[in-house]
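Next come the chains, spelled out residue by residue.
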Amino acid sequence: MSARQDVRPDLADAVAEVRALAEKNARTTDEAAEFPADVLDALRGTGLLGLLVPTGHGGLGGSVDDMLDVSIALGRADMSVAMIYSMHCQQVAGVVRHAGERLAGELLPEIAAGRMYLASVTTEAGKGGHLLTSEAELAAGDGHLDIDRFAPIVTGGSHADGFLITMLSPEARSPGEVSLVYAHRDQLTVTPSGEWNPLGMRASHSTALQLTGRVPGHQVVGEHGQFRKIVLETFSPMAHLGWSASWLGTAAGALSRVLRMLRTPAGRRNGLDSELLLSRLSRSRQRLESVHALMRHTADVLAQVRADGDDVSRPRYQLLINSLKITASEECHRAVEDLIDAVGLRHGYLKDSPTGLERALRDLRSAALNYGNDRLHLADGRLALLDPEVRFA
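Think of each chain on its own: its residues are numbered from 1, step by step along the sequence as written. Local features are withheld for residues below a pLDDT of 70 in this predicted model, meaning they are given only at 70 or higher, and side-chain atom pairs are given and counted only at 80 or more; totals for whole chains, interfaces and linings count all residues. Neither water nor hydrogens contribute to the side-chain values; these are computed over all heavy atoms in the structure.

J.: Provide a residue-level description of the sheet that holds strand β1 (residues 118-121), including the pertinent values.
T.: Across the sheet, four strands lie side by side as β1-β4-β5-β8; this open sheet has mixed pairing. Because the sheet does not close on itself, it has two edges, and the strands there are β1 and β8 (220-221). The sheet strands contacting helix α6 (residues 227-262) are β4 (162-168), β5 (178-184) and β8, and the helix crosses β5 at an angle near 75°. In this description, strands pair whenever DSSP reports at least two bridges between them. Only DSSP runs of H or I with at least four residues qualify as helices, and only runs of E with at least two residues qualify as strands; both kinds are numbered from the N terminus onward. When checking whether two residues touch, look at their non-hydrogen atoms; a contact exists if any pair is within 4.5 Å. Interaxial angles span 0 to 180 degrees and are taken between N-to-C directions of axes, which are lines fitted to C-alpha atoms, for helices over the stretch in contact.

J.: How would you explain the pairing of β1 if you had to name every residue and give the values?
T.: Buried means the residue's accessible area, taken with a 1.4 Å probe over protein chains only, is under 20% of the maximum for its type, while exposed means over 50%, and partly exposed covers the values in between. The two faces of β1 match: L118 and S120 on one face and A119 and V121 on the other face are all buried. Examined bridge by bridge, β1 and β4 share four bridges and lie parallel to one another. Each bridged residue has a counterpart across the sheet, and for V121 the counterpart in β4 is I165.

J.: Run through the nonpolar core, naming residues and quoting values.
T.: Among the buried residues, those of types Ala, Val, Leu, Ile, Met, Phe, Trp, Tyr and Cys that are joined through side-chain atoms within 4.5 Å form a nonpolar core. Ranked by internal contacts, the top residues of the largest apolar core, which has 114 residues, are I147, F163, I165 and W247. With 18 residues, α6 is the single largest residue contributor to this core.

J.: Quick one: what's the story with the sheet that holds strand β7 (residues 206-216), residue by residue and with numbers?
T.: Read from one edge to the other, the open sheet built from four strands follows the order β2-β3-β7-β6, with strand pairing classed as antiparallel. Among the strands making up the open sheet, the edge pair consists of β2 (139-140) and β6 (188-193). In the sheet, strand β3 (residues 144-155) pairs with β7 via 10 bridges, with the strands oriented antiparallel. The partner of T155 across the bridge, within β7, is S206.

J.: Let's hear about the side chain of H88: which residues, and what values?
T.: Its place among the elements puts H88 in helix α4 (residues 79-98). For H88, a relative accessible area of 1% corresponds to the buried category. Polar contacts, as counted here, are pairs of nitrogen or oxygen atoms within 3.5 Å of one another; within protein the pair requires one atom able to donate a hydrogen and one able to accept it, and residues that are adjacent in sequence qualify only if both atoms are side-chain atoms. Only 2.9 Å separates the side chain of H88 from the backbone oxygen of L49, close enough to count as a polar contact.

J.: Before we move on, could you go through the pairing of β5 and cite the residues and values that matter?
T.: Here β5 lies mainly inside the structure; six of its seven residues are buried. For β4 and β5, the ladder comprises seven bridges, and the chain directions are antiparallel. When the sheet's bridge partners are listed, L168 is paired in β5 with V178. Two strands pair when backbone bridges link them, and β5 and β8 are joined in this way by two bridges, in the antiparallel orientation.

J.: A description of the pattern of salt bridges should follow, citing residues and the corresponding values.
T.: Salt bridge, as used here: a side-chain nitrogen of Lys or Arg that lies within 4 Å of a carboxyl oxygen of Asp or Glu. Scanning the model with the defined rule gives 21 salt bridges in all. Of the charged contacts in the structure, one is a salt bridge between R8 and D66, with a shortest N-O distance of 2.9 Å. Linking R8 in the segment before α1 (12-32) with D66 in helix α3 (residues 64-75), this pair joins segments that are 58 residues apart in sequence. On the basis of relative accessible area, D66 is assigned to the buried category, the value being 9%. When the shortest N-O distance is used, the salt bridge between R296 and D69 registers 2.6 Å. One end of the pair, R296, is in helix α8 (residues 275-308); the other, D69, is in helix α3, and 227 residues separate them in sequence. As far as burial versus exposure is concerned, R296 and D69 are alike and both buried. Because the salt bridges share partners, they merge into one network encompassing D30, K351, E358 and R362.

J.: Which residues make up empty space enclosed by the protein, and what values do they have?
T.: Cavities and pockets are found on a 1 Å grid laid over the protein atoms alone: a cavity is a set of points where a 1.4 Å probe fits but cannot escape, a pocket is an open set with protein on both sides within 12 Å along at least five of seven lines, and a lining residue has an atom within 4 Å of such a point. Grid points are joined across faces, edges and corners, and a volume is the space filled by probe spheres set on the points. Under the criterion given, the structure shown has three cavities of 30 Å³ or more. A volume near 70 Å³ is recorded for the largest cavity. Forming the boundary of the largest cavity are G75, R76, A77, D78, M79, T250, R257, G356, R359, A360 and D363. In terms of residue count, helix α10 (residues 357-365) provides more of the lining of the largest cavity than any other element does, three residues in total. Here the nonpolar group is Ala, Val, Leu, Ile, Met, Phe, Trp, Tyr, Cys and Pro; Asp, Glu, Lys and Arg are the charged ones; every other residue, Gly included, is treated as polar. Classifying every residue of the lining of the largest cavity by side-chain character gives three nonpolar, three polar and five charged.

So, in structure tokens, the structure goes:
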């Protein structure tokens, strides 16, 4: 089976290899809440970690659409793997678009060669998940930056080769003057804290970490205190696109497994003319078509915004980006609930069912909590007040 019909032809074999391994290991890593280290090795070996790295730095020169295609394909096998991958791609995009020439020249070839898996360190105890503020102070010395940072959730942090870390900018006058700093694992003392035993997304191994160390001053990404610009232009769009693709792939994989089961001789003997079954299948597919259309539209709009040099912080663009995240997180979860209703207890609720609906439902329950929808609705309410003409992107 191909990884996905629309994956770029020169990427298809690599994606198929990683997807097959993720599918093989998914039950084991889920049960043990264990990071999929073998899958990360495959991502390194196939060059997919460097998908968004420009060819001039040795990467694959892929586009945002390529990232979406790969994330959907991996999500069909294991949502944790897809989220690990899409979040790495978000970090890479931040380096490509915002890092200075020296840092980009040092870091991008390492990513392209598969030697650099990047983890994001943006969570912080005491700030309630607010991305654009920090309470951890970044100390600046004679050409260096001192890092002392605790993060309660770092996806894949125990296996990362490098970290992009948010901290309060040196000489900041407000909590919103946040800097983004790169640190190689060898430049830090990395101390895991606590256990990881969640309901779903178990293989993401998003444990707490304490990070301390010293890095050269040129390892700040963008300008000091300007993390907000990186978020608006890159991190937020790439996160919401990549997450949505991962969730869509997970729900699409669940639907595909159900349909294949129903089309077997045993499935046919149970009858395929039930109105309840057919309506649930229809609703599930409709939800996924809606998410897919909105995701592709959002990607196209953002590509045009970049090409035109437009301001992505305009309310209509931010509302679109946030609407994608909210819609995808809710509809993909509901699509799997529809499938459970359609096939019932035996095939929809049992952990050992070949449909995998139980794990998909647990994993997708995290989607609305991953930068909470309630927080985004508050932001969108304020943005809506700034656009009384209700202009669509």
